[in-house]
Amino acid sequence: MICSFIIVFIFLEIMLRFFYPQPLYNECYNYWTDPTISGVRYDNATGWWPKENYTHCFYHFITNKKAYIVHNSEGLRLDKDINIEKTNDTIRVILLGDSFVYGYGLDQNETINYKLQYLLGNSYEVIPLSSIGFSTDQEFIALRDKGIKYKPDMVILFLYANDVIANAHPIQHQRLKPHYTIDRSTKKLYLDNYPVPNNTVNRTDADKLIVGSVSKFLLGRSHLYSLLYFGVHSEIFKQKLKRSYFKDSGRIEGDILTIEVYQHRSQEVILSLSYYITFEIIEKFEQLAKENNFKFIIVSIPSKLHLCKSAQRAFVEQYYDVNESFFNFNQYHMTIQNRLHDKNISLL
């Protein structure tokens, strides 16, 4: 029996290698790869910050790709350092954002800053001020404390739906972060958790576990194991079992902060407070822009739930206790658009 299994395994392995080779991951593979932990350090201003002079690669099982990462001496995802002093004919553009700007799951030359730098040419200098998991409050502090020294001519803030509620939370990814809250007596914002207490997360190194070590070994050598392993992960990721929205949405979607803003509960206290704080932070960006003479632009990043009807239907159909009337998938975009129009802030 065992001999038959080994013979079949070897036969399938050989056939795959010749006719349907699979990508093998070894130097980049980590059983619990999490860039929010491995690629950042504690920072007393923003809570965490990308490690300086950091080089790494990791496997992203959703995109089925290896991504190569390089941080410069300032922790920016660039393969070169930026001179603090700029030449008179250089136009500097700072990009602010979370994983979208950082380029989570993307190779170094696939990130937004690399694409924009290529399109704009050598007369521009594009500087990504970003980290995985950042919210708008952290991005403002990063610009104020770390980015102004570059004397930008333009600052582009990338805003995503999950930022709205994250801005009212003192914790992200199990880490403390600075956040703005409202003084009830003055109705003005004040900055809490600043400087941020040291909150480095301790975690189990899964590579030391047998299952991690075995998977790491086989994924670097066996085409059959690679096919089976990632095929199973893909099926788990795509499963469409009916679930309870109220009990399971946070665990299943992994992004409860995003889907909250699509609910038909725009007057709910938490959501209203989150919008209020977000727009007050944007006012702080505007004030900083005036004080430092740079153009401030906001890019609202769309999601599939906003743009795609089929994605909306698929999202609703996975739950048995809600229907489409429970959500307003245009709510976030229209709120952002209307409020920024009233404030005469450029929105793309």
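Description of the structure in this document. (Residues numbered from 1 in each chain as written. Predicted model: local features only at pLDDT ≥ 70, side-chain atom pairs only at ≥ 80, totals over all residues. Heavy atoms only, no water.)

This part covers the overall build of the protein. Along the backbone of the protein there are 14 helices and 13 strands. In the protein, which comprises 348 residues, the proportion classed as buried is 44%. (Helix = DSSP H or I, 4+ residues; strand = E, 2+ residues; numbered from the N terminus. Buried < 20%, exposed > 50% of the residue type's maximum accessible area, 1.4 Å probe, protein only.)

Right, let's talk about the packing of aromatic side chains for a bit. The final tally for this structure, using the stated rule, is eight aromatic pairs. Centroid distance phenylalanine 100 to tyrosine 160: 4.8 Å. Interplanar angle 50°. Geometry classified as tilted. Note that phenylalanine 100 is positioned in helix 3 (residues 99–102) and tyrosine 160 in the loop between strand 7 (154–159) and helix 6 (161–166), a separation of 60 residues in sequence. A relative accessible area of 34% places phenylalanine 100 in the partly exposed class. With a centroid separation of 5.2 Å and an interplanar angle of 85°, the aromatic rings of phenylalanine 140 and phenylalanine 285 are classed as edge-to-face. (Phe/Tyr/Trp six-rings, centres within 6.5 Å; stacked < 30°, edge-to-face > 60°.)

This paragraph deals with the sheet that holds strand 6 (residues 124–130). A sheet is described by the order of its strands in space; here five strands give the open sequence 6-5-7-12-13, paired in parallel fashion. Two strands in the sheet have a free side with no partner beyond their single neighbour: strand 6 and strand 13 (346–347). In this sheet, strand 12 (residues 295–300) lies alongside strand 7 in parallel orientation, the contact comprising six bridges. In the sheet register, methionine 154 faces strand 12, and the bridge partner there is lysine 295. (Pairing = 2+ DSSP bridges.)

Within the largest apolar cluster, 42 residues are counted, with the highest numbers of intra-cluster contacts made by Ile94, Leu96, Leu143, Phe285, Phe294, Phe296 and Ile298. It is helix 11 (residues 269–292) that provides the largest number of residues to this core, a total of nine residues. For isoleucine 94, the residues in contact, after removing those within four places along its chain, are Ile127, Leu129, Leu143, Gly147, Tyr150, Pro152, Met154, Val155 and Ile156. Val101, Val126, Tyr160 and Ile301 belong to the second largest nonpolar core, which has 10 residues in total. (Core = buried A, V, L, I, M, F, W, Y, C linked by side-chain atoms within 4.5 Å. Contact = heavy atoms within 4.5 Å.)

On to the pattern of salt bridges. All told, the structure shown has nine salt bridges when counted by the stated rule. In this structure, glutamate 52 and arginine 41 form a salt bridge, with 2.7 Å as the shortest nitrogen-oxygen distance. Of this pair, glutamate 52 sits in the loop between strand 2 (47–50) and strand 3 (55–60) while arginine 41 sits in strand 1 (residues 40–43), and the two are 11 residues apart along the sequence. Looking at glutamate 52, the relative accessible area reads 30%, which means it is partly exposed. Judged by its relative accessible area of 28%, arginine 41 falls in the partly exposed class. Salt-bridge contacts for aspartate 43 lead to lysine 146; the nearest nitrogen and oxygen are separated by 3.1 Å. Here lysine 146 lies in helix 5 (residues 136–147) and aspartate 43 lies in strand 1, a separation of 103 residues in the sequence. Judged on exposure class, the residue aspartate 43 and its partner lysine 146 are both buried. One salt-bridge network, held together by shared partners, links Arg41, Asp43, Glu52 and Lys146. (Salt bridge = Lys/Arg side-chain N within 4 Å of Asp/Glu carboxyl O.)

Within a regular strand, the side chains alternate between the two sheet faces. Inspection of the sheet shows strand 1 paired to strand 2 by four bridges, in the antiparallel sense. Following the sheet pairing, aspartate 43 is matched in strand 2 by glycine 47. Hairpin connection of strand 1 to strand 2: three residues between the antiparallel strands.

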